[in-house]
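# Structural overview for review
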Amino acid sequence: MEQGAAVPVFAAMLKDLYERAGSPTLSALVRQGGLQQPPVVLNTSSLSDWLAGRSVPSQQPVVQFLVAGLARQARQAGRAGAPAGWARLWEAAVEERRQRRGGRPGRRVADAPAEQVPVRGRFVAELRDEEACGEWEVHRPVDVTAAVPGVLPLYVRRAHDEVLRSVVGQAAGGASRMVVLVGESSSGKTRACWEAVAELPAGWRLWHPLDPSPAQALANALQEGIAARTAIWLNELQQYVGEQAGALAGQVAVGLRALLQDGTRGPVLVLGTVWPEFWSRLTAPAVPGRSSGDAQTRALLEGTGVYVPAAFEAQDLEDARTVGGHDVRLSDALAHTEDGRIAQYMAGAPALLERYRAAPPAARAVIGAAMDASRLGGAALVGRDFLQAAAEGYLGDEDYDTLGEEWLEEALAYTQQPSKGVRGLLGRVRARPGTGGRGGWRLSDYMDHVGRVERGAMPLPRPRSGLRRASICRSLTSYGRWDRRPRRAGVMPRPPACISGRWTWGM
């Protein structure tokens, strides 16, 4: 950017965002600022000057309120939100304004973290709803033919949102906090977190630890240091502090406790989501003979859980009807659900379930194998060899005898077919070159939940040969961690002998 251009460019950006938000009256913005906690003090004269480029807002809470609020209104109107890089542009404009007034160069405005601590993630204010269904793992909504106001359906606040926003507000006020949303698949946990982080002040970043593995990425960062004003996105918390994290679970729990308790390193915000069954394991007290969470994990999670109901309550439904007049996806969900499971419907769950019920034998066998690998072994990814070896045991003799030469390819093609714009029953995950990551197939979140409910006490089928047994064992050893809890009435069967010491397929 040319020297001296930051102020007019920032003003043009703010003016453009203001117009995309519908050009609300300046007095309305003043009133909205006064309703914030703590209040954001504005006046119409300053707002007019900022929009015209005659001056620049100098306080972080003020510019964050303006940009975040206007971006939210713009998205609700079906228009683009805040442009990427606006926070750095604002910093440059403030510095340029100082120099014009003859002052000495000021320190960097945006409360930047110490240089010694690696900065991770992206500025919250630069995030867009178009990205929510990618890295941030918000469920992609169903496709509809009618025009919609944005990529994501209009949001209906519920009781858990108020608790969540209170915690986010405490973090924004300078206190390190952790909150975990606990609820069934597709109940709205991740979307609630996405909406809440949008209210963080300027300078905050959102970071999702993923590579080389979720737990390893977070463990490494905790050792190196986490910059202040970082929101850590822990979708599927069990990957970080549960059985799926393996030996790193305790290390991560200790590191997070230390980070949250150290007043000199914050503020930071830790946002987690988890299914009830995993939450129960993570927080269960130590009892001989029963699986329980690590003591450090229990201490970390104490007092952090916020329950997300699977269904909308009466008031939520009333609010949804009001909002549904502006978004056909909501109105369609209200018309097709009788039990209040609005979020699940919009995530495409009914279409996935219908496709699963109607699956041909080979495809259904592949899905069943992936379900059991996840519910029994914690295998988030399964490989082709495993699916071929295991699925044959899920087929009856007649179905097995009629398999074609390309049965596996045809079954995988069926399972990967999207339903109403939502990813299929199984999704292909490709390993990126040079990352050390593993490719394979991942069961959809909702179907994983269905498998745990419907197959909870079902025995595993019998493999058709010793060769298949060896292949299955190698695959499961590579991809998953089998539950080693002692078997008792009502508990899932134990895994194959190659892992647990006893072959139980076909009990």
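Residues numbered from 1 in each chain as written. Predicted model: local features only at pLDDT ≥ 70, side-chain atom pairs only at ≥ 80, totals over all residues. Heavy atoms only, no water.

## Concerning the sheet that holds strand E6 (residues 305-307)
Pairing is mixed in the open sheet, where six strands are placed in the order E1-E3-E4-E5-E2-E6. Taken across any chain shown, the strands that pair with only one partner, and hence form the sheet edges, are strand E1 (122-123) and E6. (Pairing = 2+ DSSP bridges. Helix = DSSP H or I, 4+ residues; strand = E, 2+ residues; numbered from the N terminus.)

## Some remarks on the packing of helix H17 (residues 361-377) against helix H20 (residues 407-416)
One can describe the packing of H17 onto H20 by two numbers: an axis separation of 8 Å at closest approach and a directional angle of 70°. Taken together, the axis directions place H17 and H20 in an arrangement best described as roughly perpendicular. On the side of H17, the interface is formed by Ala 362, Ala 363, Val 366 and Ile 367, while H20 contributes Trp 407, Leu 408, Ala 411, Leu 412, Tyr 414 and Thr 415. The class makeup of the residues in the contact of H17 with H20 is nine nonpolar, one polar and no charged. (Axes fitted to C-alpha atoms, helices over the stretch in contact; angles between N-to-C directions. Parallel < 35°, antiparallel > 145°, perpendicular 65-115°, else oblique. Contact = heavy atoms within 4.5 Å. Nonpolar A, V, L, I, M, F, W, Y, C, P; charged D, E, K, R; others polar.)

## Side note on H17
Since the α-helix advances by 3.6 residues per turn, residues separated by three or four positions end up pointing in the same direction. Its 17 residues give H17 an end-to-end C-alpha distance of 23 Å, which sits within 8% of 24 Å, the value for a rise of 1.5 Å per residue. For H17, a buried count of 15 out of 17 residues is recorded, marking the element as mostly surrounded by other parts of the structure. (Expected span 1.5 Å × (residues − 1). Buried < 20%, exposed > 50% of the residue type's maximum accessible area, 1.4 Å probe, protein only.)

## Digging into unusual backbone geometry
A cis geometry characterises the amide bond from Asp 211 onward to Pro 212, with omega recorded as 5°. Mapped onto the elements of the fold, Pro 212 is located in the loop between strand E3 (205-207) and helix H8 (214-224). With an omega dihedral of 0°, the bond running from Gly 266 to Pro 267 counts as a cis peptide bond. By the secondary structure assignment, Pro 267 is in the loop between helix H10 (248-261) and strand E5 (268-274). One non-glycine residue with positive phi stands out, namely Arg 229, at about 60°. Its location among the elements puts Arg 229 in the loop between H8 and strand E4 (230-234). Here Arg 229 falls in the buried class, since its relative accessible area comes to 17%. One non-glycine residue, Glu 236, lies in positive phi territory at about 60°. When you line up the elements, Glu 236 lands in the loop between E4 and helix H9 (238-241). Residue classification places Glu 236 among the partly exposed positions, given a relative accessible area of 28%.

## Focus: the packing of helix H13 (residues 314-324) against helix H14 (residues 328-336)
In contact at an axis separation of 8 Å, H13 and H14 are set at 135° when each is read in the N-to-C sense. By the criterion of interaxial angle, the relationship of H13 to H14 is oblique. Once H13 is placed against H14, the crossing between them reads as left-handed. Contacts between H13 and H14 involve Leu 317, Ala 320, Arg 321, Val 323 and Gly 324 from the first element and Val 328, Leu 330, Ser 331 and Leu 334 from the second. Of the residues that constitute the contact of H13 with H14, the class distribution is six nonpolar, two polar and one charged. (Left-handed = near helix turned anticlockwise from the far one by under 90°.)

## Digging into the pattern of salt bridges
Across all of its chains, the model carries 22 salt bridges by this definition. Where Glu 224 meets Arg 120, a salt bridge forms, and the shortest distance between an N and an O atom there is 2.5 Å. In this pair, Glu 224 is assigned in helix H8 and Arg 120 in the loop between helix H5 (86-100) and E1, connecting sequence segments 104 residues apart. Between Glu 184 and Arg 341 there is a salt bridge, with the nearest N and O atoms lying 3.1 Å from each other. (Salt bridge = Lys/Arg side-chain N within 4 Å of Asp/Glu carboxyl O.)

## Focus: the environment of Gly 169
Along the chain, Gly 169 turns up in helix H6 (residues 159-172). Of the residues examined, Gly 169 reaches a relative accessible area of 40% and is grouped as partly exposed. Distance in space between the C-alpha atoms of Gly 169 and Glu 199 is 8.1 Å, their sequence separation being 30 residues.

## Quick look at the packing of aromatic side chains
Using the criterion set out here, one finds three aromatic pairs in the structure. Seen in terms of ring centroids, Trp 136 and Trp 194 are 6.4 Å apart; in terms of plane orientation they differ by 40°. Their pairing is tilted. Residue Trp 136 is located in the loop between E1 and H6, and its partner Trp 194 is located in helix H7 (residues 189-197); the two are separated by 58 residues in the primary sequence. Note on accessibility: Trp 136 and Trp 194 belong to one class, buried. The rings of Trp 136, Trp 194 and Trp 233 are connected pair by pair, giving a single aromatic cluster. Directly above the ring of Trp 207 sits Arg 120, whose terminal nitrogen or CZ lies 5.5 Å from the centroid. (Phe/Tyr/Trp six-rings, centres within 6.5 Å; stacked < 30°, edge-to-face > 60°. Lys NZ or Arg CZ within 6 Å of the ring centre and 35° of its normal.)

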